[in-house]
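Breakdown of the fold
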Amino acid sequence: MGTWTAHFIQRILDARRRNGAGNAKTLPSVTQTGANPGTRGESKETEHGEAMHRRELGTNPTPKTLQSVGRMAAMRNQSGQHYEAVLLAQEAFLGSRKAFGEQAPHTLDALSNLGSVWKAQGEHEEAEKCFRGAFKLRHDKLGPNHPDTLTSLNNLASALDSLGRAAEAGRLYQECLERRCNTLGSSHPDTLTSAGNMALYLRTHGQPAKARELFEQVLVGRRKIFGVRHMDTIISMNNCASVAMDNAEECRRKCDPREETRQQHKAEALLKEAVVAGSNYLGTRHPVTLRAMNNLAGLHKDRGQLDKAKLMYEKAVAGLRAAQGDKHLDTLTCINNLGGVLRSLGEVDDAEECYKEASIGIVEKLGDLHPTSLSTLYNWALTLDELGDSASALPLYLHELDHGPFTGECGSKGSRGRSKRFVFGFRFIQTKKANHRAGLSSHATHAMAEAKMLTIEDLIFGPSKERKSEEKTRKRDELVISCLRSLAMDAVQQANSGHPGTPMAMAPVAYSLWARVLNYDPECPHWMNRDRFVLSMGHASMLLYGLLHVAGVKEVTQDGLLTGKMAVALEDIKSFRQFGSKCPGHPEVGETGVEMTTGPLGQGVATSVGMAIASKWLASNFNKPDLPLFGFDVFALAGDGCMQEGVSGEAASLAGHLKLNNLCWIWDNNQITIEGNTAWAISEDIATRFVAYGWNVLRVGDANDVEALTRAFLSFRREQDRPTLIVVDSHIAWGAPTMQDSFHAHGTPLGEKEVAATKHIYNWPDEKFLVPEEVVGHFRQQMLERGGAKRQHWEQMLATYRVQYPQEGALLQAMLDGQLPQDWDRFCQAFPADAKGLATRQSSSACLNSVAKGLPWLIGGSADLASSCLTDYMRPPIRMAALMEVPSVFVFTHDSIGVGEDGPTHQPVEQLCSLRSIPGLFVFRPCDANECLEMWKAVVPMKDPVAVVLSRQALPTLDREKFASASGLHRGGYVLADSEGMPNLILMATGSEVHLMLQAHEVLAGRGIKVRSVSMPCMELFKTQPQDYIDSVLPRACRARVSLEAGRSDSWGALIGLDGEHVGMISFGASGPGKRVQEEYGFTVDAVVMAAARVMRGTPQEMSSRAQSLLSWKKRRLSSYHRLPSL
Ligand SMILES: Cc1ncc(C[n+]2csc(CCOP(=O)(O)OP(=O)(O)O)c2C)c(N)n1
């Protein structure tokens, strides 16, 4: 728990004590049932029992002791003390493992128990690992059909479901159900439990009809076996009632009131039965009874039966208080619901009590920026307002106005139509807020004045003594922020170019993040599990350079060695944007600690999604229950421009889909771009778009509010299910007297006078590039205390990991060193000759899968197109990969006109040449399955980015007895077929055209020409060979050269020279059968033979004739338009 959170909670408790919260007016139902003595007594007992068992654990752990510790964990878990529960459950598991061995039944029970506790805490990845472990061990020991194995399977399915791996979860639920059905019969209680789980799964995954059918079958089965007074039967009643309520809602949407009422009656009857049976048989404090009460109360409320709803909520609150404690989120939510009913009944005093209690408790649990907190605080404000206490209501309204517009979290999680309700909820709240803003202005002025003295903290926690000591820290924070702002102004001014406005606006945001939240050690910036920070708005680079300098980040060479120097020295900042400076105009990955090269808007945030996936991948591949090595978070700072780029939307959609809770984007909502106000170009509701992507959307209304920013970041850290977007309202060039909020401040130096005036406003000395010791100390100290300590702890953990898990440790090290596992290519096999052949995208896919078997960290992605592309296709980030020298492999298919019927839109005749024009990128176009195989063998160890260009149509697999071995690919180009002696004609080709080349070769050789055919799968690789080799393949003496490729000629000039000729594409292709299209565009043996004759005569086709062909293609298009019948 962060110190801030602990402090926050302490303040709530102090305030409550001061306010005499223990004696506060309690709700009628609470007074009736007593103030929860059960829980308190129980917790004392629990602590005593725990201490006793711990003592025993240390000396003589018996199964009984360990089981008791496990039970304690479950009890703590139930009463919402998740952290303590995890500790106890871990203790029980580790104790059992040590005492009885890994496979002992007690150990496996303890492991399952630990999984359940993790799950309750929302740590689904941990839970999944425990359940999977228990399942595997039970499966091996007890067999697949043993009841314990199937219980583990069921648990595993539920953890996977929570992790968003729905398809896998569904399969496992189904398997569990089938196994139980086959071994126990369809009416066995365990089978019914499985059917119930399956039904729940179907309900949450959009199959309500099937879910209803199953739920009803389960209820009938349970009534038969257990009768009405059994927990499982009551659970089934609850489930069937929930389905009926869903149906009622559906009918309301479809305007079918008669069916709606019928469904409501059905739900009501079931819930009443559940409440009565639950109360009599399980007791009024049992979670199942309480769930029924809560649902019944909600139903009454929906039907306008407020008195009944009130009664039922009161009962539920009393039960929850007794069973789960006053502070449990379920209790607080129910109190909030009760508040709503009381308010509707006009019992505003009591409603206010409810909202107050719920607000304090929920803020304590979730932080004051969480959507649930915001709506509860807002409800509280409404009741205070109605009671005439506008002075108290106002700061709550203001808090909500500042942080709440994007928090329309109305739908319950997982319910159908959730995103729609989100959006409607959001609109609704916005309208309400607008009304309140208007209403506020009519409040009495003295109330305003009085209220302004109060802050939300004052209201919730009472006036605080700590404020004074915080004042000192606040002043130091301000100094760092002013320093960052001034450095940006100075550097841009000195360079006389650059972007000062955004660093000035975002300095407090970056400061809050780096100083208070980011787990990053400036002494060791290459620590693997560090949090990542991406400045997606690369033009604001001076913000990043300032941060790196003031935080004292150390330089790391490209080989990963610390030099002891500053990564960004003040001298580097002084030479901002100058030739050779370590501080170029836009940030570039290198020794400076920049994590991502940015500049093209949107690309930084898009890449941050990849980074967050990498963090999850590392965690799921290397973490162990007791050694969680990986789990870093990724933060990206984005501007309006990033949000406008399509790529950010696609990336955000994927992040929402994958539920990347380790990803946080911060949107600088300054409403200014290069030309002026964003309103000129964009009017969509960006925040709502993110709500629809499934993100957690928070808002901080003032970029200078370091405390609110910190709370927002901590709120992100608590989020379990979704990525987070923090919308920060800011002012570009904040503080500049004439430039603030002006688009000029985006990309123009402010001018000496304005810089001086702005520094005066910041209360900062008018001295250039001033970085006082105190500033560095304050910033660095905070980062070192947190990030440094975490890094050191991590390194100890890594050392233990290497000892306990040597195999994984070695794998991790190899990965870090950029080495390949031994015999990584052992699964790769050559292809036999085959005239019919395979599309290279198919052979490449087979090779890639063989490579992946021997190379565990080969990660691929293919959107949802794997079956049609068999790989992945993408282009926008290739330039960045080449610039950063990241060894990514980009795979393209549908390489040219051979695609055929799909037509020119799918025949990228220009791509090959344009890819080849990217510096540092190696472009491969293999001609058959064996070249594919050799290509993957060549690509995997490469340290450069690669583009692989594959055919969709089948290509023959060449007989390598007849032609040269495909291993020639490792030199980029090689002689595939030859004649005796020095050639007097050289043919060159790639990919699909190699086969045409070989046919022409045969004809030409038959005519006595000394022809040589060269396969050129990767020009860039060929050009890196020693000149001797190049000359041996392409002897300078032979200048009669013809290249063949179904692409544009642009990249062939260097290889064919002025005397050569290219048989390729001049215009776009056409739709038709592939072979026909190839013939139409001149890919025939005759055409190649004619070209050969021309170059051998020394009269290659003239350049202008290519232009003529293009012109005639254009004319054809024009005339076909003219032929259109006139209307
Ligand atoms: C993909 C892309 N398109 C266009 C640009 C040119 N460009 C650089 S900054 C900018 C405006 C960005 O506005 P915003 O993100 O609001 O930044 P701010 O003005 O707040 O600094 C544009 C269009 C670019 N860098 N990348």
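Residues numbered from 1 in each chain as written. Predicted model: local features only at pLDDT ≥ 70, side-chain atom pairs only at ≥ 80, totals over all residues. Heavy atoms only, no water.

Residues in close proximity to the ligand total 15 residues, the closest being Thr502, Gly641, Asn670, Ile672 and His746. Taking Thr502, its side chain carries an N or O atom lying 2.4 Å from an oxygen atom of the ligand. At 3.1 Å, a side-chain N or O of Asp640 approaches an oxygen atom of the ligand. For the ligand, the accessible surface in isolation is 590 Å², of which the surrounding protein chains cover 74%. Grouping the amino acids of the shell around the ligand by side-chain chemistry returns 5 nonpolar, 8 polar and 2 charged. (Near = heavy atom within 4 Å. Polar contact = N/O pair within 3.5 Å; in protein donor to acceptor, adjacent residues only side chain to side chain. Areas by Shrake-Rupley, 256 points an atom, 1.4 Å probe, with all protein chains shown as cover. Nonpolar A, V, L, I, M, F, W, Y, C, P; charged D, E, K, R; others polar.)

Taking strand neighbours across the sheet as the criterion, the 5 strands line up as S13-S15-S14-S16-S17 in an open arrangement whose pairing is mixed. Here the strands that pair on one side only, and so sit at the sheet edges, are strand S13 (974-977) and strand S17 (1061-1063). Adjacent strand axes in the sheet meet at a mean angle of 30 degrees, parallel and antiparallel pairs treated alike. Both strand S16 (residues 1041-1044) and S17 contribute to a ladder of 3 bridges, which runs parallel. Looking at S17, one finds that Leu1044 is bridged to Val1063. The strands touched by helix H41 (residues 993-1006) within the sheet are S13, strand S14 (985-989), strand S15 (1011-1015) and S16, with S15 carrying the most contacts at an inclination of about 170 degrees. (Pairing = 2+ DSSP bridges. Helix = DSSP H or I, 4+ residues; strand = E, 2+ residues; numbered from the N terminus. Axes fitted to C-alpha atoms, helices over the stretch in contact; angles between N-to-C directions. Contact = heavy atoms within 4.5 Å.)

At their nearest, the axes of helix H10 (residues 189-204) and helix H11 (residues 208-226) sit 8 Å apart, and the two run at 155 degrees to each other. Relative to H11, the element H10 is oriented roughly antiparallel. Pair H10 / H11 crosses with left-handed handedness. Every residue of H11 that contacts H10 at Pro189, Leu192, Thr193, Ala195, Gly196, Met198, Ala199, Leu200, Leu202 and Arg203 is listed here: Pro208, Lys210, Ala211, Leu214, Phe215, Val218, Gly221, Arg222, Ile225 and Phe226. Grouping the amino acids of the contact of H10 with H11 by side-chain chemistry returns 14 nonpolar, 3 polar and 3 charged. (Parallel < 35°, antiparallel > 145°, perpendicular 65-115°, else oblique. Left-handed = near helix turned anticlockwise from the far one by under 90°.)

What follows covers the pattern of salt bridges. Side chains bearing opposite charge may pair, as long as their charged atoms lie close to each other. Enumeration according to the criterion identifies 54 salt bridges in this entry. In this structure, Arg916 and Glu1045 form a salt bridge, with 2.8 Å as the shortest nitrogen-oxygen distance. Of this pair, Arg916 sits in helix H39 (residues 911-916) while Glu1045 sits in the loop between S16 and helix H44 (1053-1056), and the two are 129 residues apart along the sequence. Accessibility assignment for this pair places Arg916 and Glu1045 in one class, buried. Its salt-bridge partner being Arg960, residue Asp928 comes within 3.0 Å of it at the nearest N-O pair. (Salt bridge = Lys/Arg side-chain N within 4 Å of Asp/Glu carboxyl O. Buried < 20%, exposed > 50% of the residue type's maximum accessible area, 1.4 Å probe, protein only.)

The subject of this paragraph is the sheet that holds strand S11 (residues 946-949). Each strand in a sheet pairs with another by means of backbone hydrogen bonds, the pair being arranged parallel or else antiparallel. The 3 strands lie next to each other as S9-S11-S10, forming an open sheet whose pairing is parallel. Of all the strands in the sheet, just strand S9 (889-892) and strand S10 (922-924) have a single pairing partner and so form its edges. Going across the sheet, the axis of each strand differs from the next one's by a mean of 15 degrees, ignoring polarity. Sheet analysis places S9 next to S11, joined by 4 bridges and oriented parallel. Along S11, the bridge assignment pairs Val889 with Val946. Packed on one face of the sheet, helix H40 (residues 929-939) meets S9, S10 and S11 and runs near 160 degrees to S9.

Positionally, Glu347 belongs in the loop between helix H16 (329-344) and helix H17 (348-366). Look at Glu347 and you get partly exposed, because its relative accessible area is 25%. Residues Glu347 and Thr383 lie 36 residues apart in sequence; the distance between their C-alpha atoms is 9.8 Å. Contact partners of Glu347, with chain neighbours within four places excluded, come to Lys310 and Leu342.

This next bit is on the packing of H16 against H17. Packing of H16 against H17 leaves a shortest axis separation of 8 Å and a crossing angle of 150 degrees. What the angle tells us is that H16 and H17 run roughly antiparallel. The interaxial crossing formed by H16 with H17 has left-handed handedness. Mapping the contact onto sequence places Leu329, Leu332, Ile335, Asn336, Leu338, Gly339, Gly340, Leu342 and Arg343 in H16 and Asp350, Ala351, Cys354, Tyr355, Glu357, Ala358, Gly361, Ile362, Lys365 and Leu366 in H17. Each residue belonging to the contact of H16 with H17 can be placed in one class, and the counts come to 11 nonpolar, 4 polar and 4 charged.

Right, let's talk about the confidence of the model for the protein for a bit. Looking at the protein, pLDDT values average 85 and 86% of them are 70 or higher. Here residues 406-463 is modelled with pLDDT under 50, and outside its nearest four sequence neighbours on either side it reaches 102 contacts, counting other chains as well. Scored below 50 in pLDDT, residues 1121-1127 shows 0 contacts in the model against residues more than four places distant or in partner chains. (pLDDT = per-residue confidence, 0-100.)

The topology assignment puts Arg97 in helix H5 (residues 82-100). Accessibility expressed as a relative area gives 28% for Arg97, which makes it partly exposed. With 11 residues separating them in the primary sequence, Arg97 and Leu108 have C-alpha atoms 8.6 Å apart. Among residues more than four places away in sequence, those in contact with Arg97 are Glu102, Thr107 and Asp626.

Okay, the UniProt feature "repeat: TPR" (unreviewed entry) in the protein next. Cross-referencing UniProt, the feature "repeat: TPR" (unreviewed entry) maps to residues 108-141 in the present numbering. In the segment residues 108-141, helix accounts for 91% and strand for 0%; the C-alpha atoms at its two ends are 11 Å apart. (UniProt positions renumbered as here; feature names shortened; annotations may be inferred.)

Judged by side-chain polarity, Ile613, Leu654 and Leu658 come together as a nonpolar surface patch covering roughly 210 Å² of accessible area. Examined against the element boundaries, Leu654 turns out to sit in helix H29 (residues 646-657). (Patch = residues over 30% accessible without salt bridge, like charges linked within 9 Å, V, L, I, M, F, W, Y side chains within 5 Å.)

Another point: the packing of aromatic side chains. Tallied over the full model, the rule gives 18 aromatic pairs. Between Phe622 and Phe630, the ring centres sit 6.2 Å apart and the planes meet at 65 degrees, which makes this aromatic pair edge-to-face. Assessed through its relative accessible area of 4%, Phe622 is described here as buried. An angle of 5 degrees between the planes, with centres 6.0 Å apart, marks the rings of Trp734 and Tyr762 as stacked. Of the two residues, Trp734 sits in the loop between strand S7 (724-729) and helix H32 (744-747) while Tyr762 sits in helix H33 (residues 752-762), which places them 28 residues apart along the sequence. The exposure class assigned to Trp734 is partly exposed, which follows from its relative accessible area of 27%. Among the aromatic residues, those joined into a ring-pair cluster are Trp527, Trp617, Phe622, Phe630 and Trp794. Taking the ring centre of Phe632 as reference, the NZ or CZ of Arg532 above it sits at 4.2 Å. Across the ring face of Tyr1029, the terminal group of Arg971 is positioned such that the distance to the ring centre comes to 4.0 Å. (Phe/Tyr/Trp six-rings, centres within 6.5 Å; stacked < 30°, edge-to-face > 60°. Lys NZ or Arg CZ within 6 Å of the ring centre and 35° of its normal.)

Another point: helix H35 (residues 806-816). Taken as a whole, H35 has its buried residues at Gly809, Leu812, Ala814 and Met815. Residues of H35 that are buried in the fold lie against helix H27 (603-622) and helix H34 (773-804). Of the residues trailing H35, Gly818 is marked for its positive phi of about 70 degrees.

The next subject is helix H6 (residues 105-120). Here H6 is 16 residues long and its end C-alpha atoms lie 23 Å apart, about the 22 Å a rise of 1.5 Å per residue gives. All of the buried residues in H6 are Thr107, Leu108, Ala110, Leu111, Ser112, Asn113, Leu114, Gly115, Val117 and Trp118. Downstream of H6 by a residue or two, Gly122 has a phi angle that is positive, lying close to 85 degrees. (Expected span 1.5 Å × (residues − 1).)

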